[in-house]
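Each chain is listed here by its residues.
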Amino acid sequence: MDTPGSQLVRELLESSYIIPSYSNHLINKVNIQIKKEKKDLDEIITNEDYDSPSLSATILYHHFSIRRSKRYLCVYHNERLKTIKRLRWTHGSTLPSEISENCSQEERNFFQEYSLLLMKYMSQIRLDLYQNMSPPCTENIYIHILVVNDIGEILTNFETQTIRLLKGSKHYIRYNDVKKFLKNGDVIRITNPKENEQTMTPTKNLQNK
């Protein structure tokens, strides 16, 4: 059965907007439905015989109907607040006007308070959490490796340096420079390089081509 609560959630999930207009009319319908169910439930409990099996079923029906409606409201507001928090990370401390217009006043207040909490936290830890939001490209990160088989001298992807990969040597090198050797097993990645710092060949030992 299509209820105001299910309409509310479906409207949110099917919207093409980042965040659709706050649905006061549907929320009011859900609240009215909850109040009606609660009133009917109170009347049944007050006036009927508890020993009747049909009465127990009716009580459960109204009880679960109220719970379902409340869950719809919780899902609706929780999903909107999650979107609003994401917007703080992607759009900064000011909501775009076209998005702000679709928020309730309480949601706009939440955005401002959330923003202030973030700024306060970053000030306390002395770290800008907005820096380096995107993870580095896997091919450009540096990794520690152990050479299993003699490979010899290779040209790095910078094409200005060569490095000699000899069996048993260890290196700190770009992933993309040894990707094919990792795949065929000629080198292996070292996950705890601190244990072998004395024998590690650092990047600065690369030889000019």
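What counts as what
- Residues numbered from 1 in each chain as written.
- Predicted model: local features only at pLDDT ≥ 70, side-chain atom pairs only at ≥ 80, totals over all residues.
- Heavy atoms only, no water.
- UniProt positions renumbered as here; feature names shortened; annotations may be inferred.
- Helix = DSSP H or I, 4+ residues; strand = E, 2+ residues; numbered from the N terminus.
- Buried < 20%, exposed > 50% of the residue type's maximum accessible area, 1.4 Å probe, protein only.
- Contact = heavy atoms within 4.5 Å.
- Areas by Shrake-Rupley, 256 points an atom, 1.4 Å probe, with all protein chains shown as cover.
- Axes fitted to C-alpha atoms, helices over the stretch in contact; angles between N-to-C directions.
- Parallel < 35°, antiparallel > 145°, perpendicular 65-115°, else oblique.
- Left-handed = near helix turned anticlockwise from the far one by under 90°.
- Nonpolar A, V, L, I, M, F, W, Y, C, P; charged D, E, K, R; others polar.
- Pairing = 2+ DSSP bridges.

As annotated in an unreviewed UniProt entry, the protein chain carries the name Partner of sld5 and is attributed to Anaeramoeba flamelloides. Quoted verbatim from the Subcellular location (unreviewed entry) field of UniProt, the annotation for the protein chain is "Nucleus". According to the UniProt record, the Sequence similarities (unreviewed entry) comment for the protein chain is "Belongs to the GINS1/PSF1 family."

When helices and strands are tallied, the protein chain shows 6 helices and 7 strands. Reading the secondary structure of the protein chain in the N-to-C direction produces α-α-α-α-α-β-β-β-β-α-β-β-β. Burial analysis of the protein chain (209 residues in total) assigns 32% to the buried set. Taking the intrachain contacts of the protein chain between residues at least 6 apart in sequence as the baseline, contacts between residues at least 24 apart amount to 62%. By element, 51% of the accessible surface of the protein chain is carried by carbon and sulfur atoms, the whole surface being about 14,200 Å².

Packed helices, taken two at a time, are described by the angle between their axes plus the distance between the axes. Following both chains from N to C, one finds helix α1 (residues 4–13) and helix α3 (residues 53–91) inclined at 20 degrees, their axes separated by 9 Å at the closest point. With respect to α3, the axis of α1 lies roughly parallel. For α1 against α3, the interelement crossing comes out left-handed. Between α1 and α3, the residues in contact are Gly5, Ser6, Leu8, Val9 and Leu12 and Tyr72, Leu73, Val75, Tyr76, Glu79 and Arg80, respectively. Across the contact of α1 with α3, the residue classes break down as 7 nonpolar, 2 polar and 2 charged.

Before going further, it helps to spend a moment on the pairing of strand β1 (residues 142–147). Only one face of β1 is buried, namely the one carrying Ile143, Ile145 and Val147, since none of Tyr142, His144 and Leu146 on the opposite face is buried. Both β1 and strand β4 (residues 170–174) contribute to a ladder of 5 bridges, which runs antiparallel. Its bridge partner lying in β4, His144 is registered against Tyr172. Sheet analysis places β1 next to strand β5 (residues 187–189), joined by 3 bridges and oriented antiparallel. Bridge pairing links Val147 to Val187 in β5.

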